Amino acid sequence: DQQVKQNSPSLSVQEGRISILNCDYTNSMFDYFLWYKKYPAEGPTFLISISSIKDKNEDGRFTVFLNKSAKHLSLHIVPSQPGDSAVYFCAGQDGNQFYFGTGTSLTVIP
Amino acid sequence: GAGVSQSPSNKVTEKGKDVELRCDPISGHTALYWYRQSLGQGLEFLIYFQGNSAPDKSGLPSDRFSAERTGGSVSTLTIQRTQQEDSAVYLCASSYRAVFGEKLFFGSGTQLSVL
């Protein structure tokens, strides 16, 4: 059973516009949520995280929003750049365990 | 090295053969994870090592899969009698310690293809 779901396998956005990647989860015990970015033939790299006691965390062009009542989080990238084109995974952390979604492939069109 | 190193980067094997995948974590990282990503799937947890504690093997899909971590550093994932459904990218990740909010550092993975 998938504890973290990313229902959009792909997303295309024009350069300069906002990219919004969504993630839903079922495990209310998650303490942290993390976003990872993956380029082809490379391992995922950490992007941004948010504690379950927060509802927003911002780092430069990247902002993560957490809605605990809806068990939903989203990653906003603004403005989007062609170099942001990658697969984005969200993950929930429960103790020592990390549960990953299936990823959303973002394409930023120049 | 500066990052998590995995070898080989690609492995093609015949069904029924055994394979060994190696992970060299970042120096000083006590937590080490193995994940696999099959085509179109998310990252599937396989096994977790933390220091000298007994590993969490709850994600291993069958008894054909095993892993060890020698000296608290290098880890080897072994798949015996490989099957075609074992074809996937096997990713290793390490962290300084597995506490809340501690991010994982991933290697580039081993692409395993079982013919």
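Attention in this report is confined to the structure presented alongside it.

Thresholds, definitions, all that
- Residues numbered from 1 in each chain as written.
- Chains lettered and ligands numbered in written order.
- Predicted model: local features only at pLDDT ≥ 70, side-chain atom pairs only at ≥ 80, totals over all residues.
- Heavy atoms only, no water.
- Helix = DSSP H or I, 4+ residues; strand = E, 2+ residues; numbered from the N terminus.
- Buried < 20%, exposed > 50% of the residue type's maximum accessible area, 1.4 Å probe, protein only.
- Pairing = 2+ DSSP bridges.
- Core = buried A, V, L, I, M, F, W, Y, C linked by side-chain atoms within 4.5 Å.
- Contact = heavy atoms within 4.5 Å.

A separate point is unusual backbone geometry. Residues and elements named next belong to chain A. In the segment running from V78 into P79, the intervening peptide bond is cis, with an omega of -10°. You can see P79 is positioned in the loop between β8 (72–77) and β9 (86–94). One non-glycine residue with positive phi stands out, namely K71, at about 50°. Along the polypeptide, K71 turns up in the loop between β7 (62–67) and β8. Of the residues examined, K71 reaches a relative accessible area of 30% and is grouped as partly exposed.

This part covers the sheet that holds strand β6 (residues 56–59) of chain A. All names here are of chain A. Taking strand neighbours across the sheet as the criterion, the five strands line up as β1-β3-β8-β7-β6 in an open arrangement whose pairing is antiparallel. Of all the strands in the sheet, the pair left with one neighbour each is β1 (4–5) and β6. Two strands pair when backbone bridges link them, and β1 and strand β3 (residues 19–25) are joined in this way by two bridges, in the antiparallel orientation. Paired with K5 across the two strands is D24, which belongs to β3.

Turning our eyes to something else, we now look at the nonpolar core. Counting residues in each nonpolar core, the largest one holds 22 residues, and the members touching the most others are A:W35, A:L73, A:L75 and A:Y88. Looking at this core, the elements with two or more residues in it are β3, β4 (32–38), β5 (45–51), β7, β8, β9 and β11 (104–109) of chain A. Apart from residues no more than four positions distant in its own chain, A:L73 is found in contact with A:L21, A:N22, A:C23, A:Y25, A:F33, A:W35, A:V64, A:F65 and A:L66. Residues B:V19, B:W34, B:F65 and B:V114 belong to the second largest nonpolar core, which totals 20 residues.

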